[in-house]
Amino acid sequence: MAIKSGGLDRKSKAASEIPSSSLADIAFLLLIFFMVSTVFRTDRERPIEWAAAAATEKIDEKVKNILNIWVERDGTIWINDQSIAMEEVSDVVLPLYAASDRHLVISIRGDRETPYIFMDQLQKELVSAGVVRVVFATALERQMTGPRR
Amino acid sequence: MAILNQKKSKVSDEIPTASMADIAFLLLIFFLVTTTFPKDKGLEVVLPEEGQEVAVSSNNILHLIVRTDGIVDVRRGESTSIQQMRPDDIESVWRQEILNRPGLIAAVKTHPDAPHKYMIDVLDALQLAGAERISLQILEES
């Protein structure tokens, strides 16, 4: 084993620095931990055309407390990738609202051409489920880009 | 010289692994920083709670009736005169009205067949003007 300097010298050389090879493992462990613990929104986007508004603001609520309700042009409602009849919306939202400790914010993602009657029915359903905070999802409209429709 | 030679060969012996951790952390921090979650955005409104209807003086209401073609009929309180305007013009109207009557409520009544975007246009104008008391209703045929 000892080739030149003898055992004593070798031993002191091994202890002279912190082993840095495992640092990479720690870094990767962290990387993988963050990758796994990151939760992305689950529902898929519905093909809708956004309404635009200049007063668009970011929702001041945690992502997990936001429920998307999609309203398509023909009045079909989609919640969490499932098509739901208008009358059942309050039954679906109510347990989710209770589970979120009344922090749930509904993001109504209506197509810009949806007749307002569907939006009104949806609002009535949400009111009967007790939800008060609602956001009409819109795309940010930049002003000074010409006349608005 | 002989000692120096020996040292040199030991250095090139293996790939230095000490900087591996730095590279990994660099990647970790890079991805942490560049990951942006798409934040939801829109126009926030607070719906009334069920059964929570408040009687307000009808003089304190600005009626905004959104028609199917996007034109808005504006009616002040109890007066019967109707002013027609585009959603863009509501912002300045509201700013003027709120000066005279600080507790003014905007009642947005949308025609059942009017596209959602026209209601959004009106809501947008009201929020731009800083309106806080907005009521969203459906236009009942009378």
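Residues numbered from 1 in each chain as written. Chains lettered and ligands numbered in written order. Predicted model: local features only at pLDDT ≥ 70, side-chain atom pairs only at ≥ 80, totals over all residues.

1. Some details on the overall build of chain A
Quick note on the threshold: Secondary structure elements follow DSSP: runs of H or I no shorter than four residues count as helices, runs of E no shorter than two count as strands, and numbering proceeds from the N terminus. Here the C-beta atoms are placed from the backbone, and a residue counts as buried if at least 20 other C-beta atoms lie within 10 Å of its own, exposed if 12 or fewer do, and partly exposed otherwise. Residue pairs qualify as contacts under a 7 Å threshold applied to their C-beta atoms, which are placed from the backbone.
Across its full length, chain A holds 4 helices and 8 strands. Secondary structure elements of chain A, listed N to C terminal, follow the sequence α-α-β-β-β-β-β-α-β-α-β-β. Here chain A, with 149 residues, has 27% of them falling under the buried criterion. Counted over contacts in chain A with a minimum sequence separation of 6, partners at least 24 positions apart contribute 81%.

2. Quick look at the pairing of strand 6 (residues 134-138) of chain B
What counts is decided by this rule: Strands pair, by our definition, only if DSSP identifies at least two bridges between them.
As paired strands, strand 5 (residues 105-110) of chain B and strand 6 of chain B are joined by 5 bridges and run parallel to one another. Within the sheet, the bridge partner assigned to V108 of chain B lies in strand 6 of chain B and is L136 of chain B.

3. Description of the nonpolar core
How we decide: One nonpolar core equals one set of buried Ala, Val, Leu, Ile, Met, Phe, Trp, Tyr and Cys residues connected by C-beta atoms within 7 Å.
Counting 50 residues, the largest nonpolar core has I106, I108 and L122 of chain A together with L64, V66, M119 and V122 of chain B as its most contacted members. In terms of residue count, the dominant contributor to this core is helix 4 (residues 116-128) of chain B (7 residues).

4. Topic: the sheet that holds strand 5 of chain B
Residue and element names in this part refer to chain B. Convention followed: For helices, the axis comes from a line fit to the C-alpha atoms of the stretch in contact; other axes are also lines fit to C-alpha atoms, and the angle between any two N-to-C directions lies between 0 and 180 degrees.
Spatially, 5 strands are ordered 4-3-2-5-6 in an open sheet, and the strand pairing comes out mixed. Sheet topology places strand 4 (82-85) and strand 6 at the edges, where each strand pairs with a single neighbour. Taken over all neighbouring pairs, the strand axes of this sheet differ in orientation by 25 degrees on average, direction set aside. Bridge analysis of strand 3 (residues 72-76) against strand 4 gives 4 bridges, and the strand direction is antiparallel. Residue pairing for strand 4: V74 is matched across the bridge by Q83. In the packing of helix 3 (residues 87-100) onto the sheet, the strands contacted are strand 2 (61-66), strand 3, strand 4 and strand 5, and the crossing angle to strand 3 comes to about 15 degrees.

5. What about the packing of helix 3 of chain B against helix 4 of chain B?
Residues and elements named next belong to chain B. The cut-off we apply is this: Any angle that falls under 35 degrees is termed roughly parallel, while one over 145 is termed roughly antiparallel, one within 65 to 115 roughly perpendicular, and all others oblique. In this scheme, a crossing is called left-handed if the near helix is turned counterclockwise away from the far one by less than a right angle; it is called right-handed if the turn is clockwise. Put simply, Ala, Val, Leu, Ile, Met, Phe, Trp, Tyr, Cys and Pro go in the nonpolar bin, Asp, Glu, Lys and Arg in the charged bin, and everything else, Gly too, in the polar bin.
Direction vectors running N to C along helix 3 and helix 4 enclose 30 degrees, while the axes themselves pass 8 Å from each other. Here helix 3 lies roughly parallel to helix 4, going by the angle between them. At the point where helix 3 passes helix 4, the crossing takes the right-handed sense. In contact with P87, D88, I90, E91 and W94 of helix 3, helix 4 contributes Y118, D121, V122, A125, L126 and L128. Tallied by class, the residues present in the contact of helix 3 with helix 4 amount to 8 nonpolar, no polar and 3 charged.

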